[in-house]
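One letter stands for each residue in the lines below.
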Amino acid sequence: MIKDITLGQYFPGKSIVHKLDPRVKVLLTLFNIVFIFIAGNFSSLGLMSVYTVAAMLFSGVPFNRYLRSTRGVIFVILFTAVLNLFYGGGAVLVQWGFLQITAGGVRNAIFIAVRIIVLILMSAVLTYTTSPTQLTDALERLMKPLKIFHIKVHEIAMMMTIALRFVPTLLEETDKIISAQKARGADLESGGLISRVKALIPILIPLFVSSFRRAYDLAMAMECRCYNGGKGRTKMKILHIAVKDIIISVITVLIGVGVILLNIFVTEMFL
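Because the structure is a prediction, the values reported are computed rather than measured.

A. Fine view of the overall build of the protein. Helix and strand content of the protein: 10 helices and 2 strands. From first element to last, N terminus to C terminus, the protein shows the α and β order α-α-α-α-β-β-α-α-α-α-α-α. A burial count over the protein gives 35% of its 271 residues as buried. Put simply, of all contacts in the protein between residues at least 6 apart along the chain, 74% involve residues at least 24 apart. When the accessible surface of the protein is totalled, it reaches about 16500 Å², and 72% of it is carbon and sulfur.

Shown next as structure tokens:
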């Protein structure tokens, strides 16, 4: 399960998605997430799903990596889908006392499950095709207007990117600690809920110690390199909006317009 979490992992490549301006990718990802929630029927959600699959294909990242990003949260997807089985009208399919599963509930469950999967895959396209350095530059440029309120934009962007960058490192460290505890005879899988929670204590303590040690080493390394924030710093790579960024942005906006039109003119709602 630990290895299935792909948050913060970057897959190097030379695809058209990799070459997009990181600012454009961040904005388009936020735009798509909003319209995934706006989608109110299967037709509009299907349009967003097709767009997401197209982005995955053009990213050049193997599909098995995207599948790994969904396996890490499969429990959340199933739990949410099961809850939605009991909400909705229509013909009653199954009756258990006061609980009943209707045709509308099945549609709800499928709709919500697909929505969550599309959200995860869309976010994975951004993290797989954008390096932590590019994300830092993009976030700093996008939050630049906040400087008029004396907000330290560079420091905030740096902290967010460092946190994202160390997610795979911490997951790898957690996997090593679990393997080490199992080699010493620790039982982490049997017993009830309370027993499993208690079994996590020998994992969490060394993980916290290792995390603080890594943070201290990183801070010391940055101080030794005379890092003093974003004031007066120059950029090695200057970001430029290219024609391909404009074309992709126009296509994405058209997809959003299509979602709105499908919501209006297609009467079959998921509720």
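B. Region of interest: the packing of helix H1 (residues 22-38) against helix H2 (residues 42-59). For the pair H1 and H2, interaxial distance at closest approach is 9 Å and the crossing angle is 150°. In terms of orientation, H1 lies roughly antiparallel with respect to H2. Helix-helix and strand crossings are classified by hand; for H1 and H2 the assignment is left-handed. On the side of H1, the interface is formed by Asn32, Phe35 and Ile36, while H2 contributes Leu45, Met48 and Tyr51. The class makeup of the residues in the contact of H1 with H2 is 5 nonpolar, 1 polar and no charged.

C. Geometry of the packing of H1 against helix H5 (residues 103-129). The interhelical angle for the contact between H1 and H5, taken along N-to-C directions, is 180°, at an axis separation of 10 Å. With respect to H5, the axis of H1 lies roughly antiparallel. Where H1 abuts H5, its residues Lys25, Val26, Thr29, Asn32, Ile33, Ile36 and Phe37 lie against Arg115, Val118, Leu119, Met122, Ser123, Leu126 and Thr129. When its residues are assigned to classes, the contact of H1 with H5 shows 8 nonpolar, 4 polar and 2 charged.

D. Summary view of the packing of aromatic side chains. A full pass over the atoms with the stated rule returns 5 aromatic pairs. For the pair Phe31 and Phe35, a centre-to-centre distance of 4.5 Å together with 35° between the ring planes defines the contact as tilted. Note that Phe31 and Phe35 are positioned in helix H1 at a spacing of 4 residues, about one turn of the helix. Phe35 sits in the buried class, given a relative accessible area of 11%. Judged by centre distance (6.3 Å) and plane angle (70°), the rings of Phe63 and Tyr66 are edge-to-face. One end of the pair is Phe63 and the other is Tyr66, both in helix H3 (residues 63-71) and 3 residues apart, which spans about a single turn. Since its relative accessible area comes to 39%, Phe63 is described here as partly exposed. Residue classification places Tyr66 among the buried residues on the basis of a relative accessible area of 0%. An aromatic cluster is present here, built from Phe63, Tyr66 and Tyr128 joined pairwise through their rings.

E. A nonpolar patch on the surface, seen in detail. A grouping of Val34, Ile38, Val253, Val257, Ile260, Leu261, Ile264 and Phe265 is seen on the molecular surface, where their side chains present a nonpolar patch of about 720 Å² in accessible area. Elements with a minimum of two residues in the nonpolar patch: H1 and helix H10 (243-265). Tracing the chain through its elements places Val253 in helix H10. Among the residues examined, Val253 registers a relative accessible area of 43% and is labelled partly exposed.

Cut-off values and rules
- Residues numbered from 1 in each chain as written.
- Predicted model: local features only at pLDDT ≥ 70, side-chain atom pairs only at ≥ 80, totals over all residues.
- Heavy atoms only, no water.
- Helix = DSSP H or I, 4+ residues; strand = E, 2+ residues; numbered from the N terminus.
- Buried < 20%, exposed > 50% of the residue type's maximum accessible area, 1.4 Å probe, protein only.
- Contact = heavy atoms within 4.5 Å.
- Areas by Shrake-Rupley, 256 points an atom, 1.4 Å probe, with all protein chains shown as cover.
- Axes fitted to C-alpha atoms, helices over the stretch in contact; angles between N-to-C directions.
- Parallel < 35°, antiparallel > 145°, perpendicular 65-115°, else oblique.
- Left-handed = near helix turned anticlockwise from the far one by under 90°.
- Nonpolar A, V, L, I, M, F, W, Y, C, P; charged D, E, K, R; others polar.
- Phe/Tyr/Trp six-rings, centres within 6.5 Å; stacked < 30°, edge-to-face > 60°.
- Patch = residues over 30% accessible without salt bridge, like charges linked within 9 Å, V, L, I, M, F, W, Y side chains within 5 Å.
- Salt bridge = Lys/Arg side-chain N within 4 Å of Asp/Glu carboxyl O.

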